[in-house]
Amino acid sequence: MSERNRIIRRAELPADGERIIEVFSAAKGIMRASGNMNQWGDNYPSLDAVKADMEQDGAYVVVDDGMIVAYFAFLPSPEPTYTNIYEGLWLDDLLPYHVVHRIASMPDAHGIFQSIMAFCFSQDNNIRIDTHRDNHIMQHVILKLGFTYCGIIYLTNGDERLAYQRIATETE
């Protein structure tokens, strides 16, 4: 797939719904194949999660050559599950930030995380993200793009996540 014709736009329901579910399913397949057996159970993420992201004006798709190849949520702070962080500290706990959640892509789409982060940092220089301890692929790309590991957060259901933050400088 060509990055030359890559765009990021807001997700639209119901028009994008079927393809977004396909992207979620493909992402779960990537996770399982890499040993991440527990993140994103059978019914998550769902179109209800996409609708909730849309209610915060934060549901986005990545389109390559006219085809949706990825989904992500880009949501404004505060993120309630980030209020308490354990075994570490946020880089800054006073400034507003955005959160990136539910990154999912098709296995043949390359450079998706970099494209998403370029978009996100064009909107805000203070980004937080978290991932499952077993999601080694995501941990790798998060660190590769200059995020700092900050500690552990817990989701509302009690599940642990590794938390990261990056505050880009104005010269980046």
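Quick caveat, the model's predicted, so the values are computed rather than measured.

1. Some words on the sheet that holds strand E2 (residues 59–64)
The strand order across the open sheet formed by 7 strands is E1-E2-E3-E4-E5-E7-E6, and the pairing between neighbours is mixed. The outermost strands of the open sheet, each flanked by one partner alone, are strand E1 (6–10) and strand E6 (148–154). Taken over all neighbouring pairs, the strand axes of this sheet differ in orientation by 30° on average, direction set aside. In this structure, E6 lies alongside strand E7 (residues 160–167), joined through 6 bridges in antiparallel fashion. Along E7, the bridge assignment pairs Tyr-154 with Glu-160. Packing of helix H2 (residues 47–55) onto the sheet brings it into contact with E2, strand E3 (67–76) and strand E4 (98–105), and relative to E3 it is tilted by some 55°. Across the sheet, helix H3 (residues 112–123) lies against E1, E2, E3, E4, strand E5 (126–131) and E7, angled at about 35° from E3, the strand it touches most.

2. A look at the pairing of E5
The buried fraction of E5 is high, at 6 of 6 residues. A two-sided burial pattern is seen for E5, the buried positions comprising Asn-126, Arg-128 and Asp-130 on one face and Ile-127, Ile-129 and Thr-131 on the other. Pairing of E4 with E5, which is carried by 3 bridges, proceeds in the parallel orientation. Bridged to Val-99 within E5 is Arg-128.

3. Considerations on the pattern of salt bridges
Throughout the structure, instances matching the rule amount to 6 salt bridges. Put simply, Asp-53 and Arg-102 hold a salt bridge, and the shortest N to O gap is 2.5 Å. One end of the pair, Asp-53, is in helix H2; the other, Arg-102, is in strand E4, with 49 residues separating them in the sequence. Considered together, Asp-53 and Arg-102 belong to a single accessibility category, that of buried residues.

4. Some details on helix H4 (residues 136–144)
Listed as buried for H4 are Met-138, Gln-139, Val-141 and Ile-142. In this structure, the buried residues of H4 make contact with E4, H3, E5 and E7. Positive phi shows up at Gly-146, right after H4, with a value of about 90°.

5. A short note on the side chain of Glu-79
Along the polypeptide, Glu-79 turns up in the loop between E3 and E4. Comment: no salt bridge for buried Glu-79; closest opposite-charge side chain is Arg-102, at 6.8 Å. Within the local environment of Glu-79, its side chain forms a polar contact with the side chain of His-101, the two groups lying 3.1 Å apart. Not counting chain neighbours up to four residues away, the residues in contact with Glu-79 comprise Tyr-97, Val-99 and His-101.

Scoring rules and cut-offs
- Residues numbered from 1 in each chain as written.
- Predicted model: local features only at pLDDT ≥ 70, side-chain atom pairs only at ≥ 80, totals over all residues.
- Heavy atoms only, no water.
- Pairing = 2+ DSSP bridges.
- Helix = DSSP H or I, 4+ residues; strand = E, 2+ residues; numbered from the N terminus.
- Axes fitted to C-alpha atoms, helices over the stretch in contact; angles between N-to-C directions.
- Contact = heavy atoms within 4.5 Å.
- Buried < 20%, exposed > 50% of the residue type's maximum accessible area, 1.4 Å probe, protein only.
- Salt bridge = Lys/Arg side-chain N within 4 Å of Asp/Glu carboxyl O.
- Lys, Arg positive; Asp, Glu negative; His and termini not counted.
- Polar contact = N/O pair within 3.5 Å; in protein donor to acceptor, adjacent residues only side chain to side chain.

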